[in-house]
Amino acid sequence: MKLTEYAVIELIPFVTGDNGISIRRSGSQLVSLFNKYGYRDIYDSQNGGLPKLTEKQTLNTSRKDYTKSRLSLLNGKNELRCLLESIINESVNREQCADEINQIISPENFQAKLDKNVYIIIGGKIVHKQT
C-alpha cells in the first residue's frame, strides 16, 4: 500500500489516537504497535522513552515524529494496510474512523470497507515478484 506523504501525515492522529476517535496510544504502546509490523524498537523509560531516530538527535522523539517515521518506512508495504485495518477495527467508533480514513486514502485509490463485520482496506495494485 503506497500513499503520498500528505496521506501519511494525515494518518498520524489516527495511529497516535490524538483525534478522539481511535485509541490513544502512549509512547510504549506505539512501540508495541509498530513492532507488530516488523520493527524491533525498544521503549526505554529510563532513557527518555521513545527511541532516537538519528544519532545526532539529543532529545528523544515525540510520539508524532516517531509515528510519522514509522508510517513513512511502512509506506509501500502490505504492513501499512494491515496496520490501518487494525487502527480502524480497534477504534472507539469504527464507522467514523473508517469514514475519516477514507477521506484521506480514497483519493489514492484505497478504501476501508466493512466485510463480515471487519474493516479491510481494498484497492491499489498487487505486484507479484517473478522467481
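Going by the structure above, here's the rest.
In this report, the structure presented in the accompanying data block is examined. Computed from a predicted structure; not experimentally measured. (Residues numbered from 1 in each chain as written. Predicted model: local features only at pLDDT ≥ 70, side-chain atom pairs only at ≥ 80, totals over all residues. Heavy atoms only, no water.)

A word on helix α3 (residues 63-74)
Rule in force here: Numbered from the N terminus, helices here are DSSP runs of H or I no shorter than four residues, and strands are runs of E no shorter than two. An expected span of 1.5 Å times one less than the residue number is assigned to each helix. Three labels apply to residues, based on accessible area from a 1.4 Å probe with only protein chains included: buried if under 20% of the type maximum, exposed if over 50%, partly exposed otherwise in between. Throughout, a residue-residue contact means that at least one pair of heavy atoms, one from each residue, lies within 4.5 Å.
In a regular helix each residue adds 1.5 Å, so twelve residues correspond to 16 Å; α3 covers 16 Å between its end C-alpha atoms and thus fits that length. Every buried residue belonging to α3 is among Arg63, Tyr66, Thr67, Ser69, Arg70, Leu71 and Leu74, and all of these are buried. Packing partners of the buried residues in α3 comprise α1 (5-16), α2 (27-35) and α4 (78-90). One or two positions beyond α3, positive phi appears at Gly76, with a value near 95°.

Some words on the nonpolar core
For the record, the criterion: Here the nonpolar core consists of buried residues drawn from Ala, Val, Leu, Ile, Met, Phe, Trp, Tyr and Cys, with membership extended through side-chain atoms lying within 4.5 Å.
In terms of nonpolar packing, the biggest core is built from 33 residues, with Leu3, Leu11, Phe34, Leu71, Leu83 and Ile105 touching the most fellow members. Elements supplying a minimum of two residues to this core: α1, α2, α3, α4, α5 (94-105), β1 (110-115) and β2 (118-123). Here this core takes six residues from α1, the largest share from any one element. In this view, Leu3 contacts Val8, Leu11, Asn75, Leu80, Ile105, Glu108 and Phe110; residues no more than four positions away in its chain are not counted.

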